[in-house]
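# Geometric and topological summary
If you want the building blocks of each chain, they are given just below.
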Amino acid sequence: MILAYMLLTILHVLVISKGVTGRIVDGMGVLPTNITLGFVSVFCTMQNLTFNGSLVTQYDPIPTSNWISNMAGTAFFMDIGVQLAIENVNRDSNILPGAYINYKRFSNCDVNQAEKAEMGLTGGFGASRTPFDVYQNTDVVGLVGFEYSTTVRLSGEVFGQFKIPYCSASAASPRLSDKQKYPYFFRMVAGLGIERPFYLLFKEWKVNRIAIIYQSNDEAACQTFKIINDKLESEGLSIPVKGSMRSELDAGQLSHLHRSLREADARYIVILGQIDFLGGVLWELGERGYTGPEYVFLSYADPQPPQMNYEKYPNFSKYAQGFIVVAPATPDSTGQAYMDLNRQVFDKTHAIAKKFGMMPPDDDFISWYSVNGGYDCAMLMLRGFHKVMEESPNFTYEQLSNRKLNDRLNYSAFLNLDLNGITSNPIQLTSNGDLEIAYDFHQLTGDYLNYTIFGRSDANGTRFSYTKNKMIFNGGSSAIPGDGVMHSQVDIPVIYSLKTQAGQIIIACGSLGLLLCILATLFLIKNRRNSVLKAASVPDSLLIVFGCFLMFLSVLSFFGPITKIKCFARKGGLSLGTCVILSTLICRNAVLVTVFWMKGKVKGVNAWATRYRSANVALICLNAIYILAWIILSDESPQLVPLAHASFWTCRAAKNPLAEKLTHHMFTLNLVLILALVPLLYFIQKVHWTSHNESSSISVVGIAFFIAFGLMTAISKENQVYGGDLLFKIFFFRLTDESFVIP
């Protein structure tokens, strides 16, 4: 027996020397089973890390002084929180006594995406590469994550397929509450239910009219907009302005938004998005004069000027005064657990944090870096493992470490654990795996990021109380503003459907156009041996009909709900169809011009015809390449444009200099082709054969295209205001209708 004990002790020492530390779990020195917890975050934004795919193989980050205000700083300190939870469990013989918890880090972004990752745009890396690498590391039983909802929307579903439990410390999109899609996902933030405290505030203050602006390329903002919009409208509140914008704020959209808010006399404005977006919209509206004691801005997060640059955005604090934030209740900073965690983080990081200027005010890492989210997630995850192990005496830690018990580790395993947490005490999850927590209402004082809490609602969103003398609105006023003057509603359709006149016109024009294309094609094929048609070139005529077909498809893409494919079809179909029609028409007539102007001196007419047709093919292919490259590079997507009392869908693209250049090249090429019709008309006068002279058709097509091009440019400059683009579609139908040039 003594010999066996000595051998086990020697083995334990050898294992420790290899870097795997553990706790002896009984008097005989039995080694614990290693169980690994993973942490997924934006490690690509940190310097001096080494990766194998998404797995961090060397973690020795070099902080920078600006970390205090970006994702990297929060990820760095939240990582400390997860580590501390693991260390505390490893010291606690009452939780997973037969296991030793190890730790692995995974990045949800590539190092080349660091700048975009700060805004949650991790591309396909976080949705495909990271889950695959986690799955391949078979010792990883569960995950804690600090990621944007935009990434978790995809990766969370994949982790669910792999049956790997995932606790998020940050992803707040209501979509993630769907347990059919995300059965292994739970979180330390609220999800569904945030609409209720907003409604309670408006109900208490007798506010009946609200405007909502949200960030269209942010998952949490889009989903939160939906549930707030549905809740308020179901309660009979009016939302005269609904506007969406991308994170890259567009001056034209901002001006239009400002005009819409003025026309609607909107006084209560809810802004949803990332904190830079909130601050950017607030500042832009303030600069346009939309500020003062009569206006109340609200959100679920504190706004900040983009990149925390107060010098670049003067008067930001002035505009932010009175801004109301509805957010989960802040942890009790006087509690012992709160103070203990802050002290532990300070002990681990104070040297490096102080050196690089990352020390938060009052050394409060929880308030500034949300360290509690990572800590509580890790603690709840490990407590859930412990609960499953106690369900049967036949379960072994070896099974747990090899994911043999993961079918029992869906979100329900982490309900009702009564963990004394820091984020909430006790930590309770709802039936959707969201944190059950009360909501605080606070207002920014206008002094940097300071705020005053003036109200609170219960966790169920049924009761709301507030202290009136703690409220200070913009400009120092304490009076609750009215909700503005009710204007008559304007019936503006959000989409063009069969229920709208515009939708009926689009379907009628598009369908009739496609029918004409089909009939023209059948006519040309059936009568291809006709001498008149042969003289006009049946292949060229078929090409022109094909161009018309593309343009009619582009018309139909305006019908119904907008999708990414329809966005590409609108611009791509228009550009390629225009090029096919004009290039074919020009090259076909160029052959005749060459023959008649040279007065019979031209030899090898067939050779000249081949050259012109080759040029035609080259022009069409060039335009097609432009379109293909534009589709790959641009991020054209549906967006809701705000108008007074309503809004409508249109297509917007993210700012991409190369994609914008390609767009300019596409339309420049088509403009050159339109202008080329002018000299062609002059030269074609020499063609004396009436059956071949297409000057009248060219004139009509040229004028139609020129007017359409100008009209489209004007509409684009006005941000496609409703009414203008419908006029363009009607004219567009007439344009393609005139393009059936079949002699």
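Above this text you will find the structure in question.
Notes on the structure follow.

### A few points about the environment of serine 370
- Tracing the chain through its elements places serine 370 in the loop between helix 12 (365-369) and helix 13 (371-389).
- Owing to a relative accessible area of 34%, serine 370 belongs among the partly exposed residues under this scheme.

### Observations regarding the environment of phenylalanine 568
- Locating phenylalanine 568 in the fold gives a position in helix 18 (residues 564-597).
- For phenylalanine 568, a relative accessible area of 16% translates into the label buried.
- When the C-alpha positions of phenylalanine 568 and aspartate 635 are compared, they lie 9.6 Å apart, and in sequence the two are 67 residues distant.
- Residues in contact with phenylalanine 568, not counting those within four places in the same chain, are Gly573, Trp630, Ile631, Ser634 and Glu636.

### So, the packing of aromatic side chains
- Considering all chains together, one arrives at 22 aromatic pairs under this definition.
- An angle of 20° between the planes, with centres 4.2 Å apart, marks the rings of phenylalanine 186 and phenylalanine 414 as stacked. Placement of the pair is phenylalanine 186 in strand 7 (residues 185-187) and phenylalanine 414 in the loop between helix 14 (397-401) and strand 13 (439-444), with a sequence separation of 228 residues. Per residue, the accessibility class of phenylalanine 186 equals that of phenylalanine 414, and both read buried.
- For the pair tyrosine 214 and phenylalanine 225, a centre-to-centre distance of 4.2 Å together with 20° between the ring planes defines the contact as stacked. Placement of tyrosine 214 in strand 8 (residues 209-215) and of phenylalanine 225 in helix 7 (residues 219-234) is noted, with a sequence separation of 11 residues between them.
- Taken together, the ring pairs connect Trp205, Phe441, Phe454, Phe464, Tyr466 and Phe473 into an aromatic cluster.
- Above the face of the tyrosine 59 ring, arginine 105 is positioned so that its terminal group lies 3.7 Å from the ring centre.
- In this structure, lysine 179 packs its charged tip against the face of tyrosine 411, placed 5.1 Å from the ring centre.

### Some thoughts on the state of the cysteines
- Within this structure, the stated rule accounts for 2 disulfides.
- The partner cysteine of cysteine 44 in its disulfide is cysteine 109, sulfur to sulfur 1.9 Å. For the disulfide bridge between cysteine 44 and cysteine 109, the dihedral angle about the S-S bond is near -100°, and by the sign convention the bridge is left-handed. Of this pair, cysteine 44 sits in the loop between strand 1 (33-41) and strand 2 (49-52) while cysteine 109 sits in the loop between strand 4 (99-107) and helix 3 (114-117), placing them 65 residues apart in sequence.
- Overall, cysteine 44 belongs to the buried group, its relative accessible area being 5%.
- Cysteine cysteine 579 shares no disulfide, and the gap to the nearest cysteine sulfur, in cysteine 621, comes to 9.3 Å.

### Things to note about the packing of helix 6 (residues 195-204) against helix 7
- For the pair helix 6 and helix 7, interaxial distance at closest approach is 9 Å and the crossing angle is 40°. Of the possible angle classes, the one that applies to helix 6 and helix 7 is oblique. Crossing angle aside, the handedness with which helix 6 passes helix 7 is right-handed. Within the contact between the two elements, helix 6 uses Glu195, Phe198, Tyr199 and Phe202 and helix 7 uses Ile227, Ile228, Lys231 and Leu232.
- A breakdown of the residues in the contact of helix 6 with helix 7 according to their chemical character gives 6 nonpolar, no polar and 2 charged.

Rules behind the numbers
Residues numbered from 1 in each chain as written. Predicted model: local features only at pLDDT ≥ 70, side-chain atom pairs only at ≥ 80, totals over all residues. Heavy atoms only, no water. Helix = DSSP H or I, 4+ residues; strand = E, 2+ residues; numbered from the N terminus. Buried < 20%, exposed > 50% of the residue type's maximum accessible area, 1.4 Å probe, protein only. Contact = heavy atoms within 4.5 Å. Phe/Tyr/Trp six-rings, centres within 6.5 Å; stacked < 30°, edge-to-face > 60°. Lys NZ or Arg CZ within 6 Å of the ring centre and 35° of its normal. Disulfide = S-S within 2.5 Å. Axes fitted to C-alpha atoms, helices over the stretch in contact; angles between N-to-C directions. Parallel < 35°, antiparallel > 145°, perpendicular 65-115°, else oblique. Left-handed = near helix turned anticlockwise from the far one by under 90°. Nonpolar A, V, L, I, M, F, W, Y, C, P; charged D, E, K, R; others polar.

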